[in-house]
Amino acid sequence: MVERATPLGADFKPGSYGDFADGIGITLSAPPSGTIVEATAWPGRERALAARVGKVVGLSLEAGAGAGAFKETGAAAFNIGPGRFLVSGRNEVLADRLIGAVPEETGTLTDLSHGRTRLRVEGARAEWVLAKLFALDFSSAAFPVTEGRATAHHDYFVQIQRTGDQRFELYVFRSFARAFVSVLRRAAEDVGYRIE
Amino acid sequence: MLISCPHCGPRDLAEFSYQGDATRTRPDPASTDTQAWHDYVYARPNPAGPHREFWQHAGGCRAHLLVVRDTLTHEIHSTALARPSRAGGETA
Ligand SMILES: [Zn+2]
């Protein structure tokens with residue numbers, strides 16, 4: 001019998017880590033993400049795609065650079081490139097629903113549910129920890145809630161959506177997730193962190 | 001060094017990959033003019049100054065860009081999407 005393995009490694013266990021004597025700076029978790037889909041519009045069809053995708057997942061999604069939307073415990077979507085969106089939701093049938101709802105002449109969808117892992121970074125020091133890894137301005141003025149960014153830390157390609165004043169959702173290639181989590185944990189040691 | 005991606009805005013050089021000289025024009029693929037192919041593959045003016053080149057925002061929006069970079073100062077004079085798009089802009 002094959003053992004089911006977590007993409008985050010056996011030591012991603014609930015508990016407090018690092019220098020947490022003076023409090024917890026951030027909380028790391030990997031909330032379940034039943035569906036992760038990349039949607040790409042044909043040139044000139046960006047708005048039509050955003051509208052179709054938004055309708056299926058119940059969000060009002062715009063096509064502009066970095067634009068995004070999400071519902072608490074519901075679906076999330078954000079722009080990751082010209083005419084491209086990352087769409088996720090808890091429901092595992094969402095991928096099929098999205099693929100069925102977008103006509104061929106509008107764009108294409110790729111089911112990445114098994115190819116990406118979602119990580120949540122939340123807490124008062126979330127901006128501080130992420131700024132160690134990515135050359136981005138994480139202040140809420142430059143990176144407002146609902147918006148998304150595609151960026152990289154060395155070889156780790158990461159797509160990030162801000163879902164709260166102190167909360168970010170990170171999408172990484174699943175085969176890189178374990179190594180990336182170890183980097184994230186190392187970066188969070190000085191502020192103290194909890195895994196949930 | 002920062003490159004201002006037309007989609008993402010100013011981003012660190014580390015997010016970009018160099019994709020080659022954008023001043024060359026490929027001969028007709030059916031052409032057997034060996035001099036033209038030789039020039040296309042090997043002949044490089046290597047200017048000390050502004051240079052048109054292709055870059056990809058590989059660690060970001062993944063768009064291919066046309067960048068004019070000064071080879072003396074690394075100043076980026078302009079950036080545009082390599083392929084014209086209605087949402088993006090025009091090829092320089
Ligand atoms: Zn970009």
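Conventions adopted
- Residues numbered from 1 in each chain as written.
- Chains lettered and ligands numbered in written order.
- Predicted model: local features only at pLDDT ≥ 70, side-chain atom pairs only at ≥ 80, totals over all residues.
- Heavy atoms only, no water.
- Pairing = 2+ DSSP bridges.
- Helix = DSSP H or I, 4+ residues; strand = E, 2+ residues; numbered from the N terminus.
- Axes fitted to C-alpha atoms, helices over the stretch in contact; angles between N-to-C directions.
- Donors = N, O, S within 2.8 Å, 3.2 Å for Na, K, Ca; no water.
- Tetrahedral: all angles 85-135°; square planar, octahedral: opposite > 155°, others 65-115°.
- Buried < 20%, exposed > 50% of the residue type's maximum accessible area, 1.4 Å probe, protein only.
- Contact = heavy atoms within 4.5 Å.
- Buried area = accessible area lost by both parts, 1.4 Å probe.
- Polar contact = N/O pair within 3.5 Å; in protein donor to acceptor, adjacent residues only side chain to side chain.
- Nonpolar A, V, L, I, M, F, W, Y, C, P; charged D, E, K, R; others polar.
- Domains from an automatic or database assignment.
- Phe/Tyr/Trp six-rings, centres within 6.5 Å; stacked < 30°, edge-to-face > 60°.
- Lys NZ or Arg CZ within 6 Å of the ring centre and 35° of its normal.
- Salt bridge = Lys/Arg side-chain N within 4 Å of Asp/Glu carboxyl O.

## A look at the sheet that holds strand β6 (residues 84-89) of chain A
One key point about sheets: their strands pair by backbone hydrogen bonds, in either a parallel or an antiparallel sense.
All names here are of chain A.
Item 1. Ordered by their spatial adjacency, 5 strands build an open sheet running β4-β5-β6-β3-β7, and the pairing between neighbours is antiparallel. With one partner strand each, in any of the chains shown, β4 (68-70) and β7 (107-111) form the two edges of the open sheet. Each strand of the sheet is rotated relative to its neighbour by a mean of 20 degrees, with strand direction disregarded.
Item 2. By the bridge criterion, 5 bridges tie strand β3 (residues 35-41) to β7 in an arrangement that is antiparallel. When the sheet's bridge partners are listed, Val 37 is paired in β7 with Asp 111.

## Some points on the sheet that holds strand β3 (residues 17-21) of chain B
All names here are of chain B.
Item 1. Strand order in the open sheet formed by 4 strands is β3-β4-β5-β6, and the pairing between neighbours is antiparallel. Taken across any chain shown, the strands that pair with only one partner, and hence form the sheet edges, are β3 and β6 (76-81). In this sheet, adjacent strand axes meet at a mean angle of 30 degrees when their direction is disregarded.
Item 2. Of the strand pairs in this sheet, β3 and strand β4 (residues 50-56) are connected by 4 bridges, and their pairing is antiparallel. Bridge pairing links Ser 17 to Gln 56 in β4.

## Looking at the coordination of the zinc ion
All names here are of chain B.
Item 1. Cys 5 (SG), Cys 8 (SG), His 57 (ND1) and Cys 61 (SG) make up the full set of protein donors to the zinc ion, lying at 2.0 to 2.5 Å.
Item 2. In this structure, the zinc ion is coordinated by 4 donor atoms arranged in tetrahedral fashion, with angles at the metal of 102 to 118 degrees.
Item 3. Taken in sequence order, the residues that donate to the zinc ion follow the motif C-x2-C-x48-H-x3-C. A residue pair is termed long-range when its members are at least 10 positions apart, and Cys 5 in strand β1 (residues 2-5) and Cys 61 in the loop between β4 and β5 (64-70) qualify at 56 residues.
Item 4. With a relative accessible area of 1%, Cys 61 lands in the buried category.

## Brief notes about the interface of chain A and chain B
Item 1. Each partner contributes to the interface: chain A provides 17 residues, whereas chain B provides 13 residues.
Item 2. Summed over both sides, the interface between chain A and chain B buries roughly 1,100 Å², with carbon and sulfur atoms accounting for 58% of that surface.
Item 3. Sorting the residues of chain A by area buried against chain B places Pro 43, Pro 82 and Phe 157 of chain A first, and these three jointly supply 35% of that buried surface.
Item 4. Viewed at the interface, chain B and chain A are joined by 4 residue pairs in polar contact (both at pLDDT 80 or more).
Item 5. Counting residues per element, the ones that place at least two in the side of chain A that touches chain B are β5 (76-81) and β9 (148-153) of chain A.
Item 6. A total of 4 residues in the side of chain A that touches chain B trace back to one element, the largest contributor, which is β9 of chain A.
Item 7. Broken down by class, the residue content of the side of chain A that touches chain B amounts to 9 nonpolar, 5 polar and 3 charged.

## Side note on the domain arrangement of chain A
Item 1. Per the domain assignment, the segments of chain A are domain 1 (15-31 + 118-144 + 173-195) and domain 2 (35-111).
Item 2. Summarising the inter-unit geometry, the C-alpha centres of domain 1 of chain A and domain 2 of chain A are found 27 Å apart.

## Section: unusual backbone geometry
Item 1. At Thr 73 of chain A, a residue that is not glycine, the phi angle is positive and equals roughly 60 degrees.
Item 2. Take Thr 73 of chain A: its relative accessible area is 64%, and that puts it in the exposed class.
Item 3. Positive phi is not limited to glycine here, since His 74 of chain B has a value of about 65 degrees.
Item 4. Position of His 74 of chain B relative to the elements: it lies in the loop between β5 and β6.
Item 5. Judged by its relative accessible area of 43%, His 74 of chain B is partly exposed.

## A short note on the packing of aromatic side chains
Item 1. Under the definition given, this model contains 13 aromatic pairs over all chains.
Item 2. Between Tyr 18 of chain B and Trp 55 of chain B, the aromatic rings sit 5.4 Å apart at their centres with planes inclined by 70 degrees, giving edge-to-face as the arrangement. Here Tyr 18 of chain B, found in strand β3, pairs with Trp 55 of chain B, found in strand β4; they are 37 residues apart in sequence, far enough to count as distant.
Item 3. Of the residues examined, Tyr 18 of chain B reaches a relative accessible area of 42% and is grouped as partly exposed.
Item 4. Every member of this aromatic cluster is reached through a ring pair, and the members are Phe 134, Phe 138, Phe 143, Tyr 156, Phe 157, Phe 168, Phe 173, Phe 176 and Phe 180 of chain A.
Item 5. Of note, Arg 149 of chain A hangs over the ring of Phe 143 of chain A, and the distance from its end group to the ring centre comes to 4.5 Å.
Item 6. Between the NZ or CZ atom of Arg 185 of chain A and the centre of the ring of Tyr 17 of chain A, over which it lies, the distance is 4.6 Å.

## A look at the pattern of salt bridges
Residues and elements named next belong to chain A.
Item 1. A complete count under the given rule lists 13 salt bridges over all chains for this structure.
Item 2. The salt bridge involving Arg 167 is made with Glu 72; its shortest N-O contact spans 2.8 Å. Separated by 95 residues along the polypeptide, Arg 167 in strand β11 (residues 167-173) and Glu 72 in the loop between β4 and β5 bring together distant segments of the chain.
Item 3. Here Glu 72 falls in the partly exposed class, since its relative accessible area comes to 48%.
Item 4. For Arg 162, the salt bridge goes to Glu 127, with nearest N and O atoms at 2.7 Å. Here Glu 127 lies in helix α3 (residues 126-133) and Arg 162 lies in strand β10 (residues 156-164), a separation of 35 residues in the sequence.
Item 5. Residue Glu 127 is classed as partly exposed on the basis of its relative accessible area, which comes to 30%.
Item 6. Taken together, the shared-partner salt bridges in this structure form one network comprising Glu 72, Arg 118, Arg 120, Arg 167 and Glu 169.

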